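So the chains spell out like this:
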Amino acid sequence: MGPAAVRSEIKELIIMSDTHPDSCDPAHPTAVLTPEILDIFEALLRQPGDEAVLKTLQKGLRKSGPDWAVCYQQFHPKCHAALTAVLQHSGHFSSELCPLGAAQVCLRHGLYGEPVPVTAERLTALASDSLCLLLLTEIINKNRPLERFLTRARSFLLGCHPEERTLLSSLRPLLIALAQQGFNNEFVWPVTEVEEQAVSGLGEGLSRALQAEDAALIEPLLLRYALYRPLASHPAAAVIAARAQSDFACDLQPLLGRILHEPLRELELRETVPALEEVVNPVSRAVRAQYEESPYPRWLKFTRTPKSLADRITEWRPGFVWPREQPDQRLQVLVAGCGTGQHSLQVALGSPDADVLALDLSRASLAYALRMTERYHARNLTFLQGDLLALPRLGRKFHHIECAGVLHHIKDHAAAWAVLVDCLLPGGTMSIGVYSKAARLLVSHLRSRIQREGLSATPAEVRHFRTRLFEEPAWAALVPLLERAGDIFSLSMTRDLLFHVQEHQYTVAEIERISGALGLELIGVRFPRALRERVQSGKPPIHLPVHTFAQWRACEQAYVGSLTMFHFWLHKPALTSSSTTDNPPGA
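Residues numbered from 1 in each chain as written. Predicted model: local features only at pLDDT ≥ 70, side-chain atom pairs only at ≥ 80, totals over all residues. Heavy atoms only, no water.

Looking now at the overall build of the protein. Of regular secondary structure, the protein possesses 28 helices and seven strands. Here the C-alpha atoms of the protein give a radius of gyration of 25 Å, agreeing with the 25 Å that 2.2 N^0.38 yields for 587 residues. Viewed in the frame of its principal axes, the protein has a C-alpha envelope of about 85 × 60 × 55 Å. Sequence separation of 24 or more characterises 79% of the internal contacts of the protein that already satisfy a separation of 6 or more. Carbon and sulfur atoms provide 55% of the accessible area of the protein, an area that totals close to 25600 Å². (Helix = DSSP H or I, 4+ residues; strand = E, 2+ residues; numbered from the N terminus. Rg over C-alpha atoms; globule rule 2.2 N^0.38 Å. Contact = heavy atoms within 4.5 Å. Areas by Shrake-Rupley, 256 points an atom, 1.4 Å probe, with all protein chains shown as cover.)

Written out as structure tokens, the structure reads:
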């Protein structure tokens, strides 16, 4: 099925994409910031740590009304300065603030429209823009106009000769931030053959400079090489890491910590992860191989405060208490398929009264998780490498199981469901996230295209396909849907979204059938904010929260093309005295 058919299937979302404030034409603003919005920015300038004002700002940006859309259409010094102050003060890189920050950077420097010339003057201005440098350093950029310009800016910087010391000195903050951004997004931006050859030459030159102890050349070569390739994979990475910290300028040391020393630390941590048993399932081995090459997600920091499991479950069942054998028994929690540890760390930090075990196939992902655990000091979290299908060999039962983004990547997913339920104590709960067939219509078409073209998941082919997708006019109306989901702005994101070796997509009816066969009850369904609005404004509107499969089936169409997963909670009923008598163990 071609692009025209896809457009027909998800035409409502195309309309939504065209009217979202991120997509407004910034060249023709039709309004000005209201006094009320200006007051918010002024208040944050005076007190960037004011949580109440910050929440008001985030709430307004989420509403996306015409007054707030102006923030994305016009550069305003107070908006730009307030965002800079908040991010510098609290490091609060939320999903509301970052898109606005990127839009303000683009508006300030005239980066909307095609083509935007890359000049030394424009790059110097960017190099002195604190908001721009913060965003490039601390997040994965998800603003396409900014990416397009910076891709060409990177090529400009690559062509600068090391002897152009005055220019390189003025652009050094931007060079450092761009090198960090390349590491953050795993170098997903397009690269020409000429650039590849030049970068290879830089890598060889860096090796020679290190061997000759040519301090004047090491840093310029290292910085430009790091714009395109992971420094930790350079043949001389260990030599660079072994150099004294004082050998490098102060402004370069944080960058080296993140793009060199942290990845090398992960290599050490890989060997420390205990294993459940050797992974033998062929599909599980293929999935493991993907995540060894591309740990996912490459998260950088928490964007929200972790909530306790008790708070999360009481949203659905007020007063719910997990049954425990002893009053002081610690809650036993399993995170099945923890990836790089973001969610398992949130669970552990949010529930210090719980013992959390996090399992994953990939040692590379677990090493990333362990390094982040060192940063956040989670003492109630342990990691285990192994296949979910082998969990019965662990011999442990859990009060609660988290399994998001995993079951759809297991070939025998029905068996995996049964394994999880077997590991769950009677009276226990599960929080599940799986792919929705309706939500992934666009992804299904793109995956079919990738298969027809026989593309492999090498970094070069993933980058090339992503570039083609952005550039082909036939898909222009659909690409904003991928941009809105945000899962196409790093290499591992794009690979996981479109090139995964194993994927199953669920319907609500299938989840109902599986849950019923395993004796599970639906507690509730969690809808992302944008989806809640679609569900509640549907015909007929569905009243939230959703607690039954009948309600859920009625609003399944709202997921179409949204790229969101099904997120829901299930409960395993506790054994009653009669059921225990009727079905004694071993009967």
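Resuming the write-up.
This brings us to the nonpolar core. Ranked by size, the top nonpolar core spans 103 residues in total, and within it Phe41, Leu57, Leu135, Leu150, Leu231, Leu469 and Leu498 carry the most contacts. Element by element, the count of residues in this core is highest for helix α11 (residues 165-184), at nine residues. Those residues in contact with Leu135 that lie beyond four places of it in its chain are Leu87, Phe93, Cys98, Gly101, Ala102, Val105 and Gln181. (Core = buried A, V, L, I, M, F, W, Y, C linked by side-chain atoms within 4.5 Å. Buried < 20%, exposed > 50% of the residue type's maximum accessible area, 1.4 Å probe, protein only.)

Here α11 contains 20 residues, and its C-alpha end-to-end distance of 27 Å stays within 8% of the 28 Å for a straight helix at 1.5 Å per residue. Roughly 60 degrees is the biggest bend found in α11, and it falls at Leu171, with proline Pro173 one to four residues downstream. Of all 20 residues in α11, 14 are buried; the element is thus mostly enclosed. Positive backbone phi, at 60 degrees, marks Glu186, one or two positions downstream of α11. (Expected span 1.5 Å × (residues − 1). Bend = angle between axes of the 7 residues up to and from the residue.)

Where helix α15 (residues 253-270) contacts helix α19 (residues 363-376), the two axes come as close as 8 Å, and the packing angle between them is 115 degrees. Overall, the two elements α15 and α19 adopt an arrangement that is roughly perpendicular. Handedness of the α15/α19 crossing: right-handed. Between α15, through Glu262, Arg265, Glu266, Leu269 and Arg270, and α19, the contact on the second element is made entirely by Arg363, Ala364, Ala367, Tyr368, Leu370, Arg371, Glu374 and Arg375. Tallied by class, residues from the contact of α15 with α19 come to five nonpolar, no polar and eight charged. (Axes fitted to C-alpha atoms, helices over the stretch in contact; angles between N-to-C directions. Parallel < 35°, antiparallel > 145°, perpendicular 65-115°, else oblique. Left-handed = near helix turned anticlockwise from the far one by under 90°. Nonpolar A, V, L, I, M, F, W, Y, C, P; charged D, E, K, R; others polar.)

Here we come to the pairing of strand β5 (residues 424-434). Across the eleven residues of β5, nine count as buried, placing the element largely inside the fold. In the sheet, strand β4 (residues 398-404) pairs with β5 via six bridges, with the strands oriented parallel. Note on β5: the bridge partner recorded for Cys403 is Ile432. Once the chain exits β4 it traverses helix α20 (residues 413-423) before rejoining the sheet at β5, and the crossover so formed is right-handed. Two strands pair when backbone bridges link them, and β5 and strand β7 (residues 566-571) are joined in this way by six bridges, in the antiparallel orientation. (Pairing = 2+ DSSP bridges. Right-handed = clockwise from strand over helix to strand, strands pointing away.)

A word on empty space enclosed by the protein. For the coordinates displayed, the defined rule picks out one cavity of 30 Å³ or more. In this structure, the largest cavity spans a volume of roughly 30 Å³. Of the residues contributing to the lining of the largest cavity, the split by class is four nonpolar, one polar and three charged. (1 Å grid on protein atoms, 1.4 Å probe; cavity = no way out; pocket = protein on both sides within 12 Å on 5 of 7 lines; lining within 4 Å. Points joined across faces, edges and corners; volume = space filled by probe spheres on them.)

In this section: helix α24 (residues 491-498). Among the eight residues in α24, eight count as buried, and that is most of the element. Three or more residues of α24 are buried, namely Leu491, Ser492, Met493, Thr494, Arg495, Asp496, Leu497 and Leu498. Capping the start of α24 is the job of one residue whose side-chain oxygen sits 3.1 Å from the backbone nitrogen of Met493: Ser490. (Polar contact = N/O pair within 3.5 Å; in protein donor to acceptor, adjacent residues only side chain to side chain.)

Attention now goes to the sheet that holds β4. The strand order across the open sheet formed by seven strands is β3-β2-β1-β4-β5-β7-β6, and the pairing between neighbours is mixed. Each having just a single partner strand, β3 (381-385) and β6 (521-526) make up the two edges of the open sheet. Between one strand axis and the next, the sheet turns through 20 degrees on average, direction left out of account. Where strand β2 (residues 354-360) and β3 come together, five bridges link them in parallel fashion. Bridging across to β3, Leu357 finds its partner in Thr382.

Counted as a void, the second largest pocket has a volume near 730 Å³. Lining the second largest pocket are 26 residues, with Glu186, Pro230, Ser233, Glu293 and Arg298 positioned closest to its centre. Secondary structure elements with two or more residues in the lining of the second largest pocket: α15, α16 (282-293), α22 (459-471) and α24. For the lining of the second largest pocket, the element with the highest residue contribution is α15, accounting for four residues.

Attention shifts here to the environment of Tyr228. You can see Tyr228 is positioned in the loop between α13 (215-225) and α14 (237-242). For Tyr228, a relative accessible area of 6% gives the class buried. Taking the C-alpha atoms as reference points, Tyr228 and Gly405, separated by 177 residues in sequence, lie 30 Å from one another. When sequence neighbours within four positions are dropped, the list of residues in contact with Tyr228 reads Arg154, Ser155, Leu158, Phe187, Val191, Glu195 and Val199. Looking at Tyr228, its side chain comes within polar contact range of the main-chain oxygen of Arg154, at 3.5 Å. A polar contact is formed between the side chain of Tyr228 and the backbone nitrogen of Ser155, at a distance of 3.4 Å.

Nothing here speaks to function; it is geometry throughout.
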